[in-house]
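Listed below are the residues making up each chain.
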Amino acid sequence: MKIIYEWRGGFDNTTLNALHAEGFDHPVLDIDWLAQVHRHSLGWVCARRAGELVGFVNVAWDGGVHAFILDTLVRTNLRRCGIGAGLVAAAVRGAREAHCEWLHVDFDDDLRTFYFDACGFKPTDAGLIAL
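I will try to describe carefully the structure that is included in this document. These figures come from a predicted structure and were not determined experimentally.

## So, the side chain of S41
Piece 1. With respect to the element layout, S41 can be found in strand 2 (residues 41-49).
Piece 2. Overall, S41 belongs to the buried group, its relative accessible area being 9%.
Piece 3. A distance of 2.6 Å separates the side chain of S41 from the side chain of N58, its partner in a polar contact.
Piece 4. The contact partners of S41, leaving out residues within four places of it in the chain, are R8, Q36, N58, V59, A60 and W61.

What follows is the structure, given as structure tokens:
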């Protein structure tokens with residue numbers, strides 16, 4: 001299975017909204033992802049198999065040296081094939097090339113092995129206020 005990873009790759013809102021709904025198990029929403037990533041993101045990575053969007057990760061940033069992994073998505077039937085780790089690796093390269101010094105991620109406990117073992121993140125102390 002050949003997967004192509006594209007930093008700031010093209011996509012359409014309909015396809016990404018469907019992938020997001022599948023990835024986070026919610027109804028399909030009508031989010032203008034194109035406007036959102038162009039306005040707020042350092043970049044994003046699209047994963048494609050035979051031209052079809054099968055994965056996505058958003059890399060938001062603070063405009064300086066901190067970047068943030070958001071919305072890591074892989075088609076359900078293609079999970080545990082290395083696509084998610086490939087998305088994050090491409091995001092790391094993109095953030096590094098933009099001279100970011102830190103790449104942050106937060107996640108649910110069931111994704112610890114993915115982010116720590118497969119992607120190389122290190123545990124840190126952090127704070128959070130639920131709004």
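## Quick notes on the sheet that holds strand 4 (residues 66-74)
Piece 1. Spatially, 5 strands are ordered 1-2-3-4-5 in an open sheet, and the strand pairing comes out mixed. Lying at the two open borders of the sheet, with one neighbouring strand each, are strand 1 (4-7) and strand 5 (102-104). For this sheet, the mean inter-axis angle between neighbouring strands, taken without regard to orientation, is 25°.
Piece 2. Bridge count between strand 2 and strand 3 (residues 52-61): 8 bridges; the pairing is antiparallel. Bridge pairing links R48 to L53 in strand 3.
Piece 3. Relative to strand 4, helix 1 (residues 13-24) is tilted by about 85°, and along the sheet it contacts strand 3 and strand 4.

## Focus: the packing of aromatic side chains
Piece 1. Summed over all chains, the structure comprises 7 aromatic pairs.
Piece 2. When the ring of F11 is compared with that of F56, the centres are 5.6 Å apart and the planes differ by 75°; the resulting orientation is edge-to-face. Residue F11 is located in the loop between strand 1 and helix 1, and its partner F56 is located in strand 3; the two are separated by 45 residues in the primary sequence. In this pair, the class of F11 matches that of F56, namely buried.
Piece 3. Arranged with centres 5.0 Å apart and planes meeting at 20°, the rings of F107 and Y115 form a pair that is stacked.
Piece 4. Owing to a relative accessible area of 22%, F107 belongs among the partly exposed residues under this scheme.
Piece 5. Within the aromatic cluster, the residues linked to one another by ring pairs are F107, F114, Y115, F116 and F121.

## Topic: helix 3 (residues 83-97)
Piece 1. Here helix 3 is 15 residues long and its end C-alpha atoms lie 21 Å apart, about the 21 Å a rise of 1.5 Å per residue gives.
Piece 2. Within helix 3, the full set of buried residues consists of I83, G84, G86, L87, V88, A90, A91, G94 and A95.
Piece 3. Buried positions along helix 3 lie against strand 1, strand 2, strand 3, strand 4, strand 5 and helix 4 (112-118).
Piece 4. In the stretch just after helix 3, H99 is the one whose phi turns positive, near 70°.

## Digging into the nonpolar core
Piece 1. Residues I69, I83, L87, Y115 and F121 are the most contacted members of the largest nonpolar core, which totals 23 residues.
Piece 2. Elements with a contribution of two residues or more to this core: strand 2, strand 3, strand 4, helix 3 and helix 4.
Piece 3. The greatest single-element share of this core, amounting to 6 residues, is contributed by helix 3.
Piece 4. Setting aside chain neighbours within four positions, we find L87 in contact with Y5, V45, C46, A47, G55, F56, V57, L73 and V74.
Piece 5. If you look at the next biggest cluster of nonpolar residues, it comprises 10 residues, including F11, W33, V37 and L73.

Definitions and cut-offs
- Residues numbered from 1 in each chain as written.
- Predicted model: local features only at pLDDT ≥ 70, side-chain atom pairs only at ≥ 80, totals over all residues.
- Heavy atoms only, no water.
- Helix = DSSP H or I, 4+ residues; strand = E, 2+ residues; numbered from the N terminus.
- Buried < 20%, exposed > 50% of the residue type's maximum accessible area, 1.4 Å probe, protein only.
- Polar contact = N/O pair within 3.5 Å; in protein donor to acceptor, adjacent residues only side chain to side chain.
- Contact = heavy atoms within 4.5 Å.
- Pairing = 2+ DSSP bridges.
- Axes fitted to C-alpha atoms, helices over the stretch in contact; angles between N-to-C directions.
- Phe/Tyr/Trp six-rings, centres within 6.5 Å; stacked < 30°, edge-to-face > 60°.
- Expected span 1.5 Å × (residues − 1).
- Core = buried A, V, L, I, M, F, W, Y, C linked by side-chain atoms within 4.5 Å.

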